[in-house]
Amino acid sequence: TSFAYFTTFLVYAFSIKSGAGMVNAIVLLPLQLFILTSIVRFKVPRKIDKLTIAAAITLFICAVILPRKEIFFMIVSIMSFVGLLLQLLEMIHTKTSANIALSFPLNFTIVSIVWVVYGAAIGDWFLAGASGASALAYLSTTALWFKYRF
């Protein structure tokens, strides 16, 4: 879902003429593409994985060709947030953080907080609110990482 998020965010940022958004998406897309390629190459995709990829491709195409780009950005943001919440639930259920690198939630906590500030500064309250919710989820992931490691 991260790759879908960044590609759709790039389209959204371009549509609202947000240089910061475009740079953010362009800088992070190669890493997301590398991760996606590695997952596809080394992991046998399950049915849910294939459905997620199909949904992501469909959303991206719709975001490119249809006029209301913010709707598709909102949908993919919600999908990404649900994926993040599922990770939290898995950590709570298994009581382990072994499958999470600490750098991931720490980095995205900081990035999300910066996007809250930016969203508020430009008056984009959806961006600020969605980023705030993500920051809380990433902060919770970080807290659980420490709880289950020590």
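Please refer to the structure higher up on the page.
Because the structure is predicted, anything quoted here is derived from the model rather than measured.

Engineer: How should I be thinking about the side chain of Thr-141 in this particular structure?
Structural biologist: Structurally, the position occupied by Thr-141 is in helix α6 (residues 125-149). Setting aside its immediate chain neighbours within four residues, Thr-141 contacts Leu-84, Leu-88, Met-91 and Pro-105.

Engineer: Even after reading the chapter, I still don't get the packing of helix α4 (residues 69-94) against α6, so can you show me in this structure?
Structural biologist: Between two packed helices, the angle of one axis relative to the other and the distance separating the axes together describe the packing. Interhelical geometry of α4 versus α6 gives an angle of 15° and a closest axis separation of 10 Å. As far as their axial angle goes, α6 and α4 are roughly parallel. For α4 against α6, the interelement crossing comes out left-handed. Side by side, α4 and α6 meet where Phe-73, Met-74, Ser-77, Phe-81, Leu-84, Leu-85, Leu-88, Met-91 and Ile-92 of the first sit next to Phe-126, Leu-127, Ala-133, Ser-134, Ala-137, Tyr-138, Ser-140, Thr-141, Leu-144, Trp-145 and Tyr-148 of the second. Of the residues in the contact of α4 with α6, the class split is 16 nonpolar, 4 polar and no charged.

Engineer: Looking at this model, I keep getting lost on unusual backbone geometry. Mind explaining?
Structural biologist: Apart from glycine, the bulk of residues carry a negative phi angle, and the bulk of peptide bonds sit in the trans form. Even without being a glycine, Lys-17 presents a positive backbone phi close to 60°. Of note, Lys-17 is situated in the loop between α1 (2-15) and α2 (19-42). In this structure, Lys-95 takes a positive phi of about 55° despite not being glycine. Mapped onto the secondary structure, Lys-95 falls in the loop between α4 and α5 (103-122).

Engineer: For this particular structure, what's the right way to read a nonpolar patch on the surface?
Structural biologist: A contiguous nonpolar patch, built from Val-40, Ile-53, Ile-57, Phe-60, Ile-61, Val-64, Ile-65 and Leu-66 and spanning about 670 Å² of accessible area, is present on the exposed surface. Examining the composition of the nonpolar patch, we find that 6 residues originate from one element, helix α3 (residues 47-65), more than from any other. Among the structural elements, Ile-65 can be located in helix α3. On the basis of relative accessibility, which here comes to 60%, the residue Ile-65 falls in the exposed class.

Engineer: Would you mind going over the side chain of Ser-112 with me for this structure?
Structural biologist: Mapped onto the fold, Ser-112 is located in helix α5. Residue class for Ser-112 comes out buried when judged on its relative accessible area of 7%. Apart from residues no more than four positions distant in its own chain, Ser-112 is found in contact with Ser-131, Ser-134, Ala-135 and Tyr-138.

Engineer: Can you help me understand the packing of aromatic side chains in this one?
Structural biologist: Both the distance between ring centres and the angle between the ring planes are used here to describe each pair of aromatic rings. Applying the stated criterion to the full structure yields 7 aromatic pairs. Seen in terms of ring centroids, Phe-146 and Phe-150 are 6.1 Å apart; in terms of plane orientation they differ by 20°. Their pairing is stacked. Overall, Phe-146 belongs to the partly exposed group, its relative accessible area being 38%. Residue Phe-150 is classed as exposed on the basis of its relative accessible area of 74%. Members of the aromatic cluster, joined through ring pairs, are Phe-104, Phe-108 and Tyr-138.

How each quantity is defined
Residues numbered from 1 in each chain as written. Predicted model: local features only at pLDDT ≥ 70, side-chain atom pairs only at ≥ 80, totals over all residues. Heavy atoms only, no water. Helix = DSSP H or I, 4+ residues; strand = E, 2+ residues; numbered from the N terminus. Contact = heavy atoms within 4.5 Å. Axes fitted to C-alpha atoms, helices over the stretch in contact; angles between N-to-C directions. Parallel < 35°, antiparallel > 145°, perpendicular 65-115°, else oblique. Left-handed = near helix turned anticlockwise from the far one by under 90°. Nonpolar A, V, L, I, M, F, W, Y, C, P; charged D, E, K, R; others polar. Patch = residues over 30% accessible without salt bridge, like charges linked within 9 Å, V, L, I, M, F, W, Y side chains within 5 Å. Areas by Shrake-Rupley, 256 points an atom, 1.4 Å probe, with all protein chains shown as cover. Salt bridge = Lys/Arg side-chain N within 4 Å of Asp/Glu carboxyl O. Buried < 20%, exposed > 50% of the residue type's maximum accessible area, 1.4 Å probe, protein only. Phe/Tyr/Trp six-rings, centres within 6.5 Å; stacked < 30°, edge-to-face > 60°.

By themselves, these figures tell us nothing about what the structure is for.
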